[in-house]
Amino acid sequence: MLQQTLLRLKGLDHSPCMLICNEEHRFIAAEQIRQLGVVHSGIFLEPVGRNTAPAIALAAIKAVETKEVVGLESLVGGEEAIEHDPVILVLAADHVIEDIDVFQAAIEQAQVSAENGKMVTFGIVATGPETGYGYVKRGAPIIGDCAAFEVSEFVEKPDLATAQTYVDGGQHYWNSGMFMFKASRYLAVLKEFRPDIYTACEQAMQGQQVDNDFVRVNVKAFKACPEESIDYAVMEPLCQQANGDVVVVPLDAGWNDIGGFSALWQISEQDSDGNVFKGDVQAVDTKNTLVISEDKLIATVGVKDLVIINTKDAVLVAHKDKAQQVKAIVSQLKAAGRSEPTIHREVYRPWGKYDSIDHGDRFQVKRITVAPGAKLSVQMHHHRAEHWIVVTGTAKVTNGDKVIMLSENESTYIPLGAVHALENPGLIPLELIEVQSGSYLGEDDIVRFEDKYGRVDGEKD
């Protein structure tokens, strides 16, 4: 879905995209972009989640930075000329949009208002009385732009009867969570209504560090930032001033916010029994059910209206109407101190990925995939030894003071305490099986001597 979000911009004249994600997701996000081969302008890493208002502030501050720096205070004050003040389009990576032409047309229409200093949101033409979405009520049309309207008010998620009146009245749209505005305009409004968020983000960006594709902000400053959405921090307070500065552009492009498995079932192609199956699935007398299996056969008999999700980490079985309550299960797992919410079998790294196939007392088995030209850090471990067996490709192995080349079906042993490294000098992915043995097998037992990705001792490899 992240890739689709980027691809639906193809054909529009725009600068390279910025991506904002959590520190823990940086490698999988980078890999998704790498697979597309698209140019981007950096991946912002949030050390903690603080909702959308601070995240967008980071991007806006970065967007107005120039080599001949214009002071941020004068930028948001509007007293001096702005050398670089781009229009920002804010998109979420969990949206489905079926009609790309209509979507792009709406973007071009919204840009007119954004260039004129308006704060634009996109209102989804409602197809039914949804109670899971907030709503935007349109007001007067924008003079000279028949495709945009002033926003009369933002409305919280309604009950079913109220939502039906919204749909019947035709004046309300679903709040899409997509926005467009000038960078300086957003910062000025944020400073007006939430100076605490503005100041925290400004301080966080003053301590930014660029690490290859990644942009890291000052951790202490950003952790001190209040948590708030752009709706509550900026859009709604500005709308309440009734000055016509908040604009909605209607969008009827087959939009869906995939906030849960029921929505995924709804937008996927269904068979004659209303089922959506992905992976190895066999079903008898099964109706209106979503089944996704990553790595094993799932068989269903005599069930309906279920969500069954099998991953390498866990299996979820839920009624389709209750699937949103998976958050409650996650909370239970965290409260019980379980590892599943934070430790996963398949993990992406800048050099590739690994899959923890098996583990037990004093041993762990991983399947490691190293991308062509990639190299793991030069490192050593205090508590474990490792056996490496090459399955496909070619491995260049540093083991103490020796450097050897291993091909398919060849292996080597890395003793405890030995300085070692693994590299793929070939043109195809390197796959090998790693067997770890020792008294402690945690990912933080890493002492790094050299790393092309700028990671430090103890950081997961």
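Residues numbered from 1 in each chain as written. Predicted model: local features only at pLDDT ≥ 70, side-chain atom pairs only at ≥ 80, totals over all residues. Heavy atoms only, no water.

A.B. asks: Go over the overall build of the protein chain with me, naming the residues and quoting the values.
C.D. replies: If you tally the helices and strands in the protein chain, you get 12 helices and 29 strands. Taken along the three principal axes of its C-alpha coordinates, the protein chain extends 75 × 65 × 40 Å. A total of 461 residues make up the protein chain; the buried ones form 45% of that total. Taking as baseline every contact in the protein chain between residues at least 6 positions apart, the subset at least 24 positions apart corresponds to 65%. Surface accessibility of the protein chain: about 23100 Å² in total, with carbon and sulfur atoms responsible for 51%. Here the protein chain holds 42 positive side-chain charges and 67 negative ones, and the gap between their average locations is 4 Å. (Helix = DSSP H or I, 4+ residues; strand = E, 2+ residues; numbered from the N terminus. Buried < 20%, exposed > 50% of the residue type's maximum accessible area, 1.4 Å probe, protein only. Contact = heavy atoms within 4.5 Å. Areas by Shrake-Rupley, 256 points an atom, 1.4 Å probe, with all protein chains shown as cover. Lys, Arg positive; Asp, Glu negative; His and termini not counted. Charge placed at Lys NZ, Arg CZ, Asp CG, Glu CD.)

A.B. asks: Please give an account of the environment of Ala395 that cites residues and values.
C.D. replies: Topologically, Ala395 is positioned in strand β24 (residues 395–399). The exposure class assigned to Ala395 is buried, which follows from its relative accessible area of 0%. With 12 residues separating them along the chain, Ala395 and Ser407 place their C-alpha atoms 6.5 Å apart. For Ala395, the contacting residues outside a window of four places in its chain are Val390, Ile404, Met405, Leu406, Leu422, Glu423, Pro425 and Leu430.

A.B. asks: Which residues make up the nonpolar core, and what are the values?
C.D. replies: The biggest cluster of nonpolar side chains holds 44 residues, and the ones touching the most others in it are Phe181, Tyr186 and Val234. Among the elements that line this core, the one with the most residues is helix α3 (residues 52–63), at 7 residues. Not counting residues within four places of it along the chain, the set of residues in contact with Phe181 comprises Ile56, Pro86, Val87, Ile88, Val90, Ala114, Lys118, Met119, Tyr186 and Ile230. Of all hydrophobic cores here, the second largest spans 28 residues; its members include Leu12, Phe122, Ala148 and Met178. (Core = buried A, V, L, I, M, F, W, Y, C linked by side-chain atoms within 4.5 Å.)

A.B. asks: Explain the sheet that holds strand β2 (residues 40–46) to me, and be specific about the residues and the numbers.
C.D. replies: Read across the sheet, 4 strands follow the order β1-β2-β10-β9 without closing on themselves; strand pairing throughout is mixed. Strands with a single pairing partner mark the edges of an open sheet, and in this sheet they are β1 (17–22) and β9 (209–211). Between one strand axis and the next, the sheet turns by 30 degrees as a mean value, whatever way the strands run. Relative to strand β10 (residues 214–216), β2 is paired through 3 bridges, and the arrangement is parallel. Across the sheet, residue Leu45 finds its bridge partner in β10, namely Arg216. (Pairing = 2+ DSSP bridges. Axes fitted to C-alpha atoms, helices over the stretch in contact; angles between N-to-C directions.)

A.B. asks: Before we move on, could you go through the pattern of salt bridges and cite the residues and values that matter?
C.D. replies: Under the definition given, this model contains 19 salt bridges. Between Arg34 and Glu31 there is a salt bridge, with the nearest N and O atoms lying 2.8 Å from each other. Note that Arg34 and Glu31 are positioned in helix α2 (residues 26–36) at a spacing of 3 residues, about one turn of the helix. Between Asp196 and Arg194 there is a salt bridge, with the nearest N and O atoms lying 2.9 Å from each other. Residues participating in the shared-partner salt-bridge network are Lys312, Arg345, Glu346, Lys353, Asp355 and Arg367. (Salt bridge = Lys/Arg side-chain N within 4 Å of Asp/Glu carboxyl O.)

A.B. asks: Now, about the confidence of the model for the protein chain: what can you tell me, with residues and values included?
C.D. replies: When pLDDT is averaged along the protein chain, the result is 91, and 94% of the positions lie at 70 or above. Taken element by element, the protein chain is modelled with least confidence in helix α4 (residues 72–77), mean pLDDT 50, and with most confidence in strand β16 (residues 298–301), mean pLDDT 98. Predicted confidence for residues 66–71 stays below pLDDT 50, and this span has 5 contacts to residues more than four positions away or in other chains. Taken as a whole, residues 78–82 scores under 50 in pLDDT and shows 5 contacts with residues more than four places along the chain or in a different chain. (pLDDT = per-residue confidence, 0-100.)

A.B. asks: I'd like to hear about the packing of aromatic side chains, residue by residue, with values.
C.D. replies: Counted according to the given criterion, the structure contains 6 aromatic pairs. A ring pair is formed by Phe27 and Phe214, whose centres lie 6.0 Å apart and whose planes are at 70 degrees; its orientation type is edge-to-face. Separated by 187 residues along the polypeptide, Phe27 in helix α2 and Phe214 in strand β10 bring together distant segments of the chain. Given a relative accessible area of 7%, Phe27 falls into the buried group. Relative accessible area serves as the criterion here: at 8%, Phe214 is assigned to the buried category. Here the aromatic rings of Trp174 and Trp255 are separated by 6.3 Å at their centres, their planes lie at 50 degrees, and the arrangement is tilted. Here Trp174 is found in strand β8 (residues 172–182), whereas its partner Trp255 is found in strand β12 (residues 255–257), with 81 residues between them in sequence. The exposure class assigned to Trp174 is buried, which follows from its relative accessible area of 5%. Taking the relative accessible area as the measure of exposure, Trp255 reaches 7% and is therefore buried. An aromatic cluster of at least three residues, connected via ring pairs, comprises Tyr133, Trp174 and Trp255. Geometry around Trp265 places Lys320 over its ring, the cationic atom sitting 4.0 Å from the centre. (Phe/Tyr/Trp six-rings, centres within 6.5 Å; stacked < 30°, edge-to-face > 60°. Lys NZ or Arg CZ within 6 Å of the ring centre and 35° of its normal.)

A.B. asks: Report on a negative patch on the surface, specifying residues and quantitative values.
C.D. replies: Together, Glu98, Asp99, Asp101 and Asp252 give the surface a local cluster of negative charge. When its relative accessible area of 59% is taken as the criterion, Glu98 is described as exposed. (Patch = residues over 30% accessible without salt bridge, like charges linked within 9 Å, V, L, I, M, F, W, Y side chains within 5 Å.)

A.B. asks: Go over the sheet that holds strand β15 (residues 290–293), please, and point to the residues and values.
C.D. replies: With respect to topology, 4 strands assemble into an open sheet ordered β13-β15-β17-β18, the strand pairing being mixed. Every interior strand has two partners, whereas the edge strands, β13 (276–278) and β18 (315–319), have only one. Across the sheet, the mean angle separating the axes of adjacent strands is 5 degrees when strand polarity is ignored. Here β13 runs beside β15; their pairing, made up of 3 bridges, is parallel. Bridge pairing in β15 places Phe277 opposite Val291.

A.B. asks: So what about unusual backbone geometry? Which residues, and what values?
C.D. replies: Unusually for a residue other than glycine, Ala242 sits at a positive phi of about 55 degrees. You can see Ala242 is positioned in the loop between α10 (230–240) and β11 (246–251). With phi around 75 degrees, Arg362 is a residue other than glycine that occupies positive phi space. Topologically, Arg362 is positioned in the loop between β20 (352–360) and β21 (363–370).

A.B. asks: If you had to explain α10 to someone new, which residues and values would you point to?
C.D. replies: The element α10 is largely enclosed, with a buried count of 9 among its 11 residues. Of all the positions in α10, only Ile230, Asp231, Ala233, Val234, Met235, Glu236, Pro237, Leu238 and Cys239 are classed as buried. At the exit of α10 stands Ala242, carrying a positive phi of roughly 55 degrees.

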